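Residue-level listing of the chains:
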Amino acid sequence: MITLHTAEILISVITFFIAYIVVITSSNMFRTWVAYEMGDDTGMRLGYFTINPMVHIDPIGLFFLFAFYFGWGRMVPINPLLITQPHRSLKLAAAYLSDSFMHFVLSVIGIIALLAIFDVNILMVMRYMVLTYNVSHLPIANMYPDVSSLLISVGFIVFAFVYLNVVLGVLTFIINFSNYLLFVFADRSYKIAQYAHYITIGLPIFLILFFSPLLRLLSVNLISYIGLIIAHFVGITG
């Protein structure tokens, strides 16, 4: 017999999986396209410019999603040697930071949708769920008893969508900007080029293992800050 607690967990897992598929597919396709426009067709040749989610799912990232409600997709590789002059540094920056930019844009769209469905108090509900690990549709339903169950379900999916985009946006920005700096300086220093590969692999592992609570706190504060700015400009109140 399925208990209420088990049902809540199943709903949360399914919700985050739906959001995860949309998030990683959108960001990977955008990164692939931008890199291609900058001169690097590596992602295109490897088949990342596709709406097929199986191409974008990372097994370890998916495991983390089911275990901790946070996961990542496969990183679209970029070959900086294929990105050439003129304006090589700007082209490299565009390619490396493209998915971080996409995550930011998607998170803003999601926050606008949440504010349109509910009100500014949804930001406090999100903050509560993220910081307490009480990830469920019930806090939303309790805050908004007059909202239909369909809109509550949609709102929960959008919440997962926003949260994943913001966390991945912060994480990928740190990693991608570090990689960008490494390759820019690697052009001028052989020693940096020697260790670039190890830093590229080790940095995300280090951040996830030792700074995940800080990343979560930073992400939820960004959600609140962006949401309050949007609510102020469009005149949405509690």
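Since the model is a prediction, treat every value here as computed from it, not as a measurement. All residue numbers refer to positions counted from 1 along the written sequence of the respective chain. For a predicted model such as this one, the threshold for reporting local features is a pLDDT of at least 70, and the threshold for listing and counting side-chain atom pairs is 80 or more; totals across whole chains, interfaces and linings nevertheless cover every residue. Each side-chain value is worked out from all heavy atoms of the structure, with water and hydrogens disregarded.

**Student:** Would you mind going over the overall build of the protein chain in detail, with residue names and values included?
**Tutor:** Secondary structure elements are taken from DSSP: a helix is a run of H or I of four residues or more, a strand is a run of E of two residues or more, and numbering for both begins at the N terminus. Counting its regular elements, the protein chain contains nine helices and zero strands. With a 1.4 Å probe rolled over the protein chains alone, any residue whose accessible area is under 20% of its type maximum counts as buried; one over 50% counts as exposed, and the rest are partly exposed. Across the 238 residues in the protein chain, those meeting the buried criterion constitute 46%. A total accessible area of about 12600 Å² is found for the protein chain, and carbon and sulfur atoms account for 73% of it. All accessible areas in this document rest on Shrake-Rupley with a 1.4 Å probe, and a residue is counted as covered only by the protein chains that are shown.

**Student:** Report on unusual backbone geometry, specifying residues and quantitative values.
**Tutor:** Excluding glycine, residues mostly have negative phi values, and the peptide bonds linking residues are mostly trans. Put simply, Gln85 and Pro86 share a cis peptide bond, and its omega is 5°. Mapped onto the secondary structure, Pro86 falls in the loop between α4 (59-68) and α5 (88-117). In the Ramachandran plot, Tyr69 falls in the positive-phi region, its phi being about 60° despite a non-glycine side chain. Counting through the fold element by element, Tyr69 comes out in the loop between α4 and α5.

**Student:** Can you tell me about the confidence of the model for the protein chain, naming the residues and giving the values?
**Tutor:** With 86% of its residues at a pLDDT of 70 or more, the protein chain shows a mean pLDDT of 85. Note: pLDDT gives the predictor's confidence per residue, expressed from 0 to 100. The secondary-structure element of the protein chain with the lowest mean pLDDT is helix α9 (residues 190-234), recorded at 70, while helix α3 (residues 53-56) shows the highest, at 96. Contacts are residue-level and defined by heavy atoms, with any inter-residue pair within 4.5 Å sufficient. Below pLDDT 50 for its whole length, residues 189-193 participates in four contacts with residues either more than four positions away or in separate chains.

**Student:** Account for the environment of Asn176, naming residues and giving values.
**Tutor:** Note on placement: Asn176 falls in helix α8 (residues 149-186). Put simply, Asn176 and Ser98 are 78 residues apart on the chain and 9.1 Å apart in space, counted from C-alpha to C-alpha. Those residues in contact with Asn176 that lie beyond four places of it in its chain are Arg31, Met75, Tyr96, Leu97, Asp99 and Ser100.

**Student:** Break down the nonpolar core for me, citing the residues and quoting the values.
**Tutor:** Joining through side-chain atoms within 4.5 Å is the link that ties buried Ala, Val, Leu, Ile, Met, Phe, Trp, Tyr and Cys residues into a set, and such a set is a nonpolar core. Phe16, Tyr20, Ile122, Ile140, Phe159, Val162 and Ile223 are the most contacted members of the largest nonpolar core, which totals 51 residues. The set of elements that each furnish at least two residues to this core consists of α1 (4-38), α4, α5, α6 (122-132), α8 and α9. When residues of this core are assigned to their parent elements, the largest contribution, 15 residues, is made by α8. Not counting the four nearest positions on each side in its chain, Phe16 is found in contact with Leu65, Tyr69, Val135, Phe156, Phe159, Ala160, Tyr163 and Leu164.

**Student:** Quick rundown of the side chain of Thr32? Include the residues and the values.
**Tutor:** Along the chain, Thr32 falls in helix α1. Thr32 sits in the buried class, given a relative accessible area of 1%. The residues touching Thr32, leaving out its near neighbours within four places in the chain, are Gly43, Met44, Tyr48, Phe49 and Val76.

**Student:** Tell me what's going on with the pattern of salt bridges, and back it up with residues and numbers.
**Tutor:** Note on pairing: side chains with opposite charge can pair once their charged atoms come close. Here a salt bridge means any side-chain nitrogen of Lys or Arg lying within 4 Å of a carboxyl oxygen belonging to Asp or Glu. Applying the stated criterion to the full structure yields two salt bridges. Asp99 is paired through a salt bridge with Arg31; the nearest N and O atoms lie 3.3 Å apart. Separated by 68 residues along the polypeptide, Asp99 in helix α5 and Arg31 in helix α1 bring together distant segments of the chain. In this structure, Asp99 and Arg31 share a single accessibility class: buried. The closest approach of N and O atoms between Asp41 and Arg45, which form a salt bridge, is 3.2 Å. On the accessibility criterion, Asp41 (27% relative accessible area) is partly exposed. Judged by relative accessible area, which is 57%, Arg45 ranks as exposed.

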